[in-house]
Amino acid sequence: MYTLIARMNPDYDIYLLFSTNESHVDLELTPLVEALLSYSNINVRYFNMYEYAEGTPLQEFINSNQLLQSKFEKVHTSDAMRVFTLYKYGGVYFDLDVLSLLPLRVLNRKNFACLEQNNRFQNCILAMDLKEGRNFSSQYLELLNKNYDRNAWASNGPIMIS
């Protein structure tokens, strides 16, 4: 899916982010990774979430290791990191399984979330302007700090966004 997004948006830099505890990670060149890297606008980055959160509103929460104690560690880490990355840098977030049929410039929106049939917002697609979206992302991070539930699959992502 990222290859289609890259092809439709050649003027956009696309980052595929992975959280790791390692200081250095060698990327395994599987056929999928090779296909992704064949696009000049796709970038693969690894980050240590403790370093990534340093000096930010999420630092205390990350340092508490609550994500590591979750029944849904990968899902909860992804939920937190996607909004946190938009808080830090702004931009558009897509889950890996999201298909974009139009170029991003057609959206012409700086801040939005995906709305499902049941009138609930989802976090599979998020856009936040670095300045205008900061209020929303700050509120989300504050809620995450106060109400994190390590035993509920969606409560820290889609439900919290809604």
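Preceding this paragraph is the structure being described.
A short tour of the structure in this document, coming up.

Section: the packing of aromatic side chains
Then, in step 1: The tally for this structure, following the rule as stated, stands at six aromatic pairs.
Then, in step 2: Considering the side-chain rings of Phe84 and Tyr87, the 6.1 Å spacing of their centres and the 15° angle between planes classify their relative orientation as stacked. Here Tyr87 and Phe84 lie together in helix α5 (residues 73-89), a separation of three residues that amounts to about one turn.
Then, in step 3: The exposure class assigned to Phe84 is buried, which follows from its relative accessible area of 0%.
Then, in step 4: One Lys or Arg, Lys88, reaches over the ring of Tyr52 and ends 4.2 Å from the middle of that ring.

Some remarks on a nonpolar patch on the surface
Then, in step 1: Side chains of Leu99, Leu101, Leu102 and Val106 sit close together on the surface and give an oily, nonpolar patch of about 410 Å² of accessible area.
Then, in step 2: As for its position among the elements, Leu101 is in the loop between β3 (91-94) and α6 (104-107).
Then, in step 3: With a relative accessible area of 67%, Leu101 lands in the exposed category.

So, the environment of Ala6
Then, in step 1: Mapping Ala6 onto the fold places it in helix α1 (residues 2-8).
Then, in step 2: Overall, Ala6 belongs to the buried group, its relative accessible area being 2%.
Then, in step 3: It is 8.9 Å that separates the C-alpha atoms of Ala6 and Leu36, two residues lying 30 residues apart in sequence.
Then, in step 4: Not counting chain neighbours up to four residues away, the residues in contact with Ala6 comprise Ile14, Tyr39, Asn41 and Ile42.

What counts, and where the lines are drawn
Numbering of residues begins from 1 in every chain and follows the order in which that chain's sequence is written. For this predicted model, a pLDDT threshold of at least 70 governs which residues receive local features, and a threshold of 80 or more governs which side-chain atom pairs are given and counted, while totals over whole chains, interfaces and linings are taken from all residues. Only hydrogens and water are removed before side-chain values are computed, so all heavy atoms of the structure are retained for them. Between the rings of Phe, Tyr and Trp (Trp by its six-membered ring), a pair exists once the centres lie within 6.5 Å; its type follows the angle of the planes, with under 30 degrees stacked, over 60 edge-to-face, and the other angles tilted. Going along the chain from the N terminus, every DSSP run of H or I of four or more residues is numbered as a helix, and every run of E of two or more is numbered as a strand. Buried residues are those whose accessible area, probed at 1.4 Å on protein chains only, stays under 20% of the maximum for their type, while exposed residues exceed 50% and partly exposed ones sit between those limits. Working rule: Lys NZ or Arg CZ, within 6 Å of ring centre, within 35 degrees of ring normal, means a charge sits over the ring. Here a patch means residues that are over 30% exposed by relative accessible area and free of salt bridges, tied together within 9 Å if like-charged and within 5 Å if nonpolar (Val, Leu, Ile, Met, Phe, Trp, Tyr). The Shrake-Rupley method, run with a 1.4 Å probe, gives the accessible areas here. Residue values count only the displayed protein chains as cover. Salt bridges are identified by distance alone: a Lys or Arg side-chain nitrogen within 4 Å of an Asp or Glu carboxyl oxygen. By definition, residues are in contact when any of their heavy atoms lie within 4.5 Å.

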